Amino acid sequence: MSDVLISADRVTKRYGAFSAVDTVSMAVRPGEIVGLLGANGAGKTTLIRILLGLTVPTEGAVAAFGRTPDRTTRGRLGYVPQGLGLWQTLTVAENISFASAAFEAGPPVLEPALAAVEHRFVGEIGLGLQRRLAFTIALAHHPELLVLDEPTSGVDPLSRARLWDAVHDQAEHGTGVLVTTHYMQEAQQCDRLVLMSHGHAVAAGTEADIIGGTTACEVETPHWADAFAALDAAGLPVTLNGRRVRLADTPPDTVRTALTTAGITAEVHEVPATLEEKMTVIDRRPTPG
């Protein structure tokens, strides 16, 4: 385990009778991108804060660079929280100066878009630029581990793609990356995934590992809107992908019966489930005891 940058061993965090994180184990190694996936409220941010030493676990053990997280280990990682951690009433240049002094690092070279606004208050620039600034600051001291909590939330697709290019560049140079997201399409950017639901780590591995043998039914009919309405009325877990009606982890005969009862003619095909459908299946399961 000497190559592990950060790890959690059966970590639990309780607030009274509520368990925000429940017996979660995971690790990040150099050069790999680990995605922590789950819906809002799944426990991702609480686990991140425990890993960073910002929140003390109720049970379990956490290690960063082989020791209990502290100020020394914080100096070896870069962190972009959900709230970005920027001072809105300071300028871009002042935020960079503050972070550089805190980490005893030289000021980073700014990309042109940030250089053009370096004397403006952070609160006056757009969210996309703020996220790019937070990411630039997190990398300024050349961290061995990069921790990103919902880094692409609220930004446009182009900015999201640029950020992921930067993440991959860091990993290729040996930096470990732990990133949380609720965008299922971003899972394909990760080497390994940890899926969280109701505070539990319910699955781990590659996208193919997690989906496993889970299937979905795809309904083929020109009357797709009627089919969707009928299946929804029957209480089945129906979703719509464009005009494709899909049902995860549902027997084809069940789907056919519901459609026939509603007087809808359609073909039903069994296909591999997507990661998002797998997560829907997991979230429908009873919470582990």
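Further up the page is the structure itself.
This structure is a prediction, so every number in the text was calculated from the model and none was measured.

Q: Help me understand the nonpolar core, please; the structure alone is not making it clear to me.
A: Taken as a class, soluble globular proteins show a tendency for nonpolar side chains to be buried jointly. If you look at the biggest cluster of nonpolar residues, it comprises 41 residues, and the most contacted ones within it are Leu-195 and Leu-275. A total of seven residues in this core trace back to one element, the largest contributor, which is helix H5 (residues 127-139). Sequence-distant contacts of Leu-275, that is, excluding residues within four places in its chain, are made with Leu-37, Met-184, Ala-187, Leu-193, Leu-195, Glu-207, Ile-210 and Ile-211. Judged by nonpolar contacts, the second largest core, of 26 residues, contains Ile-48, Ala-64, Phe-65 and Leu-77.

Q: Whenever I open this one, the environment of Asp-9 confuses me. Can you help?
A: Tracing the chain through its elements places Asp-9 in strand E1 (residues 6-15). Spatially, the C-alpha atom of Asp-9 lies 7.6 Å from that of Thr-23, the residues being 14 residues apart in sequence. When sequence neighbours within four positions are dropped, the list of residues in contact with Asp-9 reads Val-24, Ser-25, Gly-60 and Ala-61.

Q: I keep staring at the pattern of salt bridges and nothing clicks. Help me out?
A: It is possible for side chains bearing opposite charge to pair when their charged atoms get close. Evaluated as defined, the whole model comprises 11 salt bridges. For Glu-32, the salt bridge identified is with Arg-192, shortest N-O distance 2.9 Å. Note that Glu-32 is positioned in the loop between strand E2 (18-28) and strand E3 (33-37) and Arg-192 in strand E8 (residues 192-197), a separation of 160 residues in sequence. Exposure remark for Glu-32: the relative accessible area of 12% places this residue in the buried category. By relative accessible area, Arg-192 is classed as partly exposed at 24%. Between Glu-124 and Arg-120 there is a salt bridge, with the nearest N and O atoms lying 4.0 Å from each other.

Q: It is not clear to me how helix H8 (residues 224-233) should be interpreted in this structure. Could you clarify?
A: Helical geometry: 3.6 residues make up each α-helical turn, so side chains three or four residues apart lie on a common side. Taken residue by residue, H8 has Ala-227, Ala-230 and Leu-231 as its buried positions. Seen end-on, H8 carries its buried residues on one side only, within an arc spanning 95°. Gly-235 sits one or two positions beyond H8 and adopts a positive phi of about 80°.

Cut-off values and rules
Residues numbered from 1 in each chain as written. Predicted model: local features only at pLDDT ≥ 70, side-chain atom pairs only at ≥ 80, totals over all residues. Heavy atoms only, no water. Core = buried A, V, L, I, M, F, W, Y, C linked by side-chain atoms within 4.5 Å. Buried < 20%, exposed > 50% of the residue type's maximum accessible area, 1.4 Å probe, protein only. Helix = DSSP H or I, 4+ residues; strand = E, 2+ residues; numbered from the N terminus. Contact = heavy atoms within 4.5 Å. Salt bridge = Lys/Arg side-chain N within 4 Å of Asp/Glu carboxyl O. Arc of directions from axis to C-beta.

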